[in-house]
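# Understanding the architecture of this molecule
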Amino acid sequence: SSPDMDNNAPGSGGKGGFGSLFGGSEYSNTELAGVPLTGMSPLSPYLNVDPRYLVQDTDEFILPTGASKTRGRFELAFFTIGGCCITGAAFGTVNGLRMGLKDTREMGWTKPRNVQILNMVTRQGASWANTLGSVALLYSVFGVAIEKARGAEDDINTVAAGTLTGMLFKSTGGLKGVARGGLAGLALSGAYALYSNWDHIRGGSSSSFY
């Protein structure tokens, strides 16, 4: 091939090619090495974005007038009930498998043993899912009702809803059952409220020393 054709070949270091058609010149990377690209950016102009435009000073979502920025108890009720049902089913499945293996350990790996283990897993999973789902439903109903009655959302609603849930759930056991259920609900809801406000409590206690 001729030298002229080599100079115009794509990727060559010559000054011909498409650049010569528009009155410009083409340079190889070796020729441009060490030359500062003043006022130029190796990125596409569509990708070279000022980082200040990526900082959101306003809310990400547009809320209706008067709407709260956080989800209330009614919105969280569906997540709470569903999460408790799934947790109960998972725990019941593991517990049923443990009980099934323990009760049938004298049997060999036969079809009757597999059926018995499967029945135990199904029974325990459904039982625990029903139990935790019922507790979550009662807690959510009491929480929403207390919030609407008081017109405020705070930890008092959480503790009151937990206490009433324990009392109603154990109401079939008489007064002693109601008392034990109420104390258990009070302890669990109080612990949850303490855990939710632990950072605030630690911040307040640390600032009191200064």
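The model shown is predicted, which means the values in this text are computed figures rather than measured ones. (Residues numbered from 1 in each chain as written. Predicted model: local features only at pLDDT ≥ 70, side-chain atom pairs only at ≥ 80, totals over all residues. Heavy atoms only, no water.)

### So, the UniProt feature "transmembrane region" (unreviewed entry) in the protein chain
Convention followed: UniProt positions are given in the numbering used here, feature names are shortened, and annotations may be inferred rather than shown by experiment. The helix count covers DSSP runs of H or I at least four residues long, the strand count covers runs of E at least two residues long, and both are numbered beginning at the N terminus.
Here, the residues flagged by UniProt with the feature "transmembrane region" (unreviewed entry) are residues 76-97. End C-alpha atoms of residues 76-97 are separated by 32 Å, and the span's content is 100% helix alongside 0% strand.

### Quick notes on the pattern of salt bridges
The condition is simple: Whenever a carboxyl oxygen of Asp or Glu lies within 4 Å of a side-chain nitrogen of Lys or Arg, that contact is scored as a salt bridge. Exposure categories follow from relative accessible area, calculated using a 1.4 Å probe and restricted to protein chains: below 20% of the type maximum is buried, above 50% is exposed, and the middle band is partly exposed.
Under the counting rule described, the total for this entry stands at 1 salt bridge. The salt bridge involving R150 is made with D154; its shortest N-O contact spans 2.9 Å. By relative accessible area, R150 is classed as partly exposed at 38%.

### Regarding the packing of helix α5 (residues 111-150) against helix α6 (residues 155-169)
Formally: The convention used is that axes are lines fitted to C-alpha atoms, helices contributing only their stretch in contact, and that angles between N-to-C directions extend from 0 to 180 degrees. Each angle is binned into one of four classes, with values under 35 degrees roughly parallel, values over 145 roughly antiparallel, values of 65 to 115 roughly perpendicular, and all other values oblique. Here is the rule for handedness: rotate from the far helix to the near one, and if that takes an anticlockwise turn smaller than a right angle the crossing is left-handed, while a clockwise turn gives right-handed. We call two residues contacting when some pair of their heavy atoms lies within 4.5 Å. The residue classification treats Ala, Val, Leu, Ile, Met, Phe, Trp, Tyr, Cys and Pro as nonpolar and Asp, Glu, Lys and Arg as charged. All others, Gly included, are polar.
For the pair α5 and α6, interaxial distance at closest approach is 8 Å and the crossing angle is 135°. Regarding the angle of α5 to α6, the classification is oblique. Of the two elements, α5 crosses α6, and the hand of that crossing is right-handed. Across from T131, V135, L138, Y139, F142, G143, I146, E147 and R150 in α5, the residues of α6 making contact are I156, N157, T158, A160, A161, G162, L164, T165, L168 and F169. Class assignment for the residues of the contact of α5 with α6 results in 11 nonpolar, 6 polar and 2 charged.

### Quick word on the packing of aromatic side chains
The following threshold applies: Each Phe, Tyr or Trp ring (for Trp, its six-membered ring) is paired with any other whose centre lies within 6.5 Å, and the angle between the two planes then decides the class: stacked below 30 degrees, edge-to-face above 60, tilted in between. Over a ring means this: the NZ of a Lys or the CZ of an Arg is within 6 Å of the ring centre and within 35 degrees of the ring normal.
Tallied over the entire structure, the rule returns 2 aromatic pairs. Judged by centre distance (5.4 Å) and plane angle (85°), the ring pair of F74 and F78 falls under edge-to-face. Highlighted residues: F74 and F78, both in helix α4 (residues 73-103), separated by 4 residues, approximately one helical turn. With respect to burial, F74 and F78 carry one shared label: exposed. Above the ring of W109, the side-chain terminus of R113 is found at 4.1 Å from the ring centroid.

### A word on the environment of L76
Position of L76 among the secondary structure elements: in helix α4. Classification of L76 by relative accessible area gives partly exposed; the value is 32%. Between the C-alpha atom of L76 and that of S140, which follows or precedes it by 64 residues, the distance is 8.3 Å.

### Points about the packing of α6 against helix α7 (residues 174-196)
For the pair α6 and α7, interaxial distance at closest approach is 6 Å and the crossing angle is 150°. Looking at the two axes, α6 sits roughly antiparallel to α7. Between α6 and α7 lies a crossing whose hand is right-handed. The segment α6 lies against α7, with D155, T158, V159, G162, T163, G166 and M167 engaging V178, G181, G182, G185, L186, S189, G190, Y192 and A193. Residue classes in the contact of α6 with α7 are distributed as 6 nonpolar, 9 polar and 1 charged.

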